[in-house]
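Residues per chain are reported as follows:
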Amino acid sequence: MEPKLIFKLNVGIQSYAWGKKGRSSLAAQLGEKSVVGFESDEEKTYAELWMGTHPTLPSTLTGTSTLLSDHLEKHPELIGHKVLSAFPESKKGSLPFLFKVLSIGTALSIQAHPDKELAKRLFDERPDVYKDNNHKPEMAIALTPFLAFLNFLPLPQILLHLLTVPELSFIPFPLTNSLAASLSIPTTLPPDTSSFTSTDAPTEEQRQILKDIFEAFMSAPESVYQPAVRSLVERYKKNESLTPNEESLRELTLMLDEQYPGDVGVLCVFLLNVVELQVGQAAFLGANMPHAYISGDIIECMATSDNVVRAGLTPKLRDVPTLVSMLTYDAGPGSKQLLRPVKFSTNSELYDPPIDEFSVVRVSLGSAEIDEHKAVEGPSVVVVTSGSGKIKCVESSESSGEKDTLVKGEISQLKEVATSEGKTERRGRVEEEVLVEKGDVVFIACGTEIRWTAEEDLEAFRAFVEA
Ligand SMILES: [Zn+2]
């Protein structure tokens, strides 16, 4: 029997401590629909919904115990030859991407993800910590206002902090001095960062200085950084005569210290960009870029991997030497990490990061509106984040030879006509439509043209890979 081209999935939920409580977690709300036997508990925190084939929490075909990966291995045509040849793992049914919904109640660790070469080495040397050999570029799309640390601040901004925040005096002055010299800024006067407009990438020398500064922060002994954090927090609680620059970091500093008392990660407010993304805005994080998600609900897509190198704001293992040595120290404004979507179809936008493993489409439809997606040359996973409607296979104008796109089933005879005339094989069949509502997760096979119809205002995200 031919496999279906569109079908629903059961997925898994992770209840990490940093998640949101009970039904305030969007991951939990969606999980109530798509996770088998799941009911949220108001006392528990729910952090991540995992959609895909990662062995830690793999998806299954709804109503069965069949793993999506087993099904795809048996039916490689659902993945398509292009993706099969570009990603060897996909021949075993493993999707190149992992799709998630994250609900962030307390800040996640300061982290970065290795590139392919480093991932291989870490996996060889320490498979107990680094569980796979893949890189993990990731993209986050805000579903609610979303706060995050994204990459290092522009260097003059870091210099300003080193020169004006008294609690940072444990950083050796020669480092501050060489940063200032590399920027041709005197250390006698705090730099006026508003006049600094260059977005030039740091020089090799500046990267090395920043690396030394970051190392001085992250490998300072507890006996040094804890009193610094404590005194900073006391000063911010008094809220007396703060400079505008410190004033803007006050609230976040106090919040991070409440979540991770005395943690060295609190001091990262002076090193990393704090960016608030609005609904629909996205950030892309390539390999070796420091970041930490602080609060909000997001869609996240990444290469299939779970490799995280952590150094602060976490009860988990900290691997400071690896983190310090892997980063690219490509300081600059946080806006550099934002990824603008482009039009995909009438009511859909495409977020297309500069990597091969995934792209994400956001579909937003008002009641009774429709949208059509052209066939994608690879597999997709869809999650419906609000509303309800229908996803249906349609006849593409290319394969039918018709000008207009025709709905399968409404013109079922056409199939035989086309086949008898020896035209391109049709994708999609009469019965191929699924009704969806908030929380549903759906797989769409390679080469399937689809039509969306909203019943109530519908929002959905579709991750896909095209090699
Ligand atoms: Zn990350």
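Remember, it's a predicted structure, so these values are computed and weren't measured experimentally.

Asker: Where do I start with the environment of Ile-298 in this structure?
Answerer: Tracing the backbone shows Ile-298 in strand 13 (residues 291-303). For Ile-298, a count of 23 C-beta atoms within 10 Å translates into the label buried. Along the sequence, Ile-298 and Asn-288 sit ten residues apart, while their C-alpha atoms lie 21 Å from each other.

Asker: Looking at this model, I keep getting lost on the UniProt feature "domain: Phosphomannose isomerase type I catalytic" (unreviewed entry) in the protein. Mind explaining?
Answerer: Within the UniProt annotation, "domain: Phosphomannose isomerase type I catalytic" (unreviewed entry) is assigned to residues 6-153. The annotated region residues 6-153 carries 22% helix and 28% strand content, and the separation between its end C-alpha atoms amounts to 44 Å.

Asker: I would appreciate a short explanation of the confidence of the model for the protein in the present structure.
Answerer: Low-pLDDT stretches of the model should not have their predicted coordinates read in fine detail. Summing up the model confidence of the protein, the mean pLDDT is 90 and the portion of residues at 70 or higher is 91%. A low-confidence stretch, residues 397-426 (pLDDT under 50), is modelled with 37 contacts involving residues beyond four sequence positions or located in other chains.

Asker: Honestly, the domain arrangement of the protein in this entry has me stumped. Any pointers?
Answerer: How big an interface is tends to be stated in terms of accessible area lost as the parts join. Looking at the protein, the domain boundaries give domain 1 (107-340) and domain 2 (343-464). Facing the eleven residues of domain 1 at the interface are ten residues of domain 2. Among the elements of the structure, strand 9 (138-142), strand 12 (282-285) and strand 13 are those that each provide at least two residues to the side of domain 1 that touches domain 2. Looking at the side of domain 1 that touches domain 2, the element that brings in the most residues is strand 13, giving three residues. Residues belonging to the side of domain 1 that touches domain 2 are distributed by class as follows: ten nonpolar, one polar and no charged.

Asker: Hey, could you run me through the nonpolar core in this one?
Answerer: As a rule of thumb, nonpolar side chains are buried together in soluble globular proteins. With 133 residues, the main nonpolar core has Ala-27, Phe-97, Ala-148, Leu-267, Val-360, Val-383 and Val-442 as its most contacted residues. When residues of this core are assigned to domains, at least three map to each of domain 1 (107-340) and domain 2 (343-464). If we ignore the near neighbours within four places in the chain, the residues touching Ala-148 are Val-275, Leu-277, Ala-283, His-291, Ala-292, Tyr-293 and Ile-294.

Asker: How do you make sense of unusual backbone geometry when you look at a structure like this?
Answerer: Most peptide bonds are trans, and most residues other than glycine sit at a negative phi. You will see that Asn-151, though not glycine, has its phi angle at about 65 degrees, which is positive. When the 27 C-beta atoms within 10 Å are taken as the criterion, Asn-151 is described as buried. Phi angles above zero are rare outside glycine, and Asn-239 is one such case at about 55 degrees. With respect to the helices and strands, Asn-239 occurs in the loop between helix 8 (222-238) and helix 9 (244-259). Of the residues examined, Asn-239 has 10 C-beta atoms within 10 Å and is grouped as exposed.

Scoring rules and cut-offs
- Residues numbered from 1 in each chain as written.
- Predicted model: local features only at pLDDT ≥ 70, side-chain atom pairs only at ≥ 80, totals over all residues.
- Helix = DSSP H or I, 4+ residues; strand = E, 2+ residues; numbered from the N terminus.
- Buried ≥ 20, exposed ≤ 12 C-beta atoms within 10 Å, placed from the backbone.
- UniProt positions renumbered as here; feature names shortened; annotations may be inferred.
- pLDDT = per-residue confidence, 0-100.
- Contact = placed C-beta atoms within 7 Å.
- Domains from an automatic or database assignment.
- Nonpolar A, V, L, I, M, F, W, Y, C, P; charged D, E, K, R; others polar.
- Core = buried A, V, L, I, M, F, W, Y, C linked by C-beta atoms within 7 Å.

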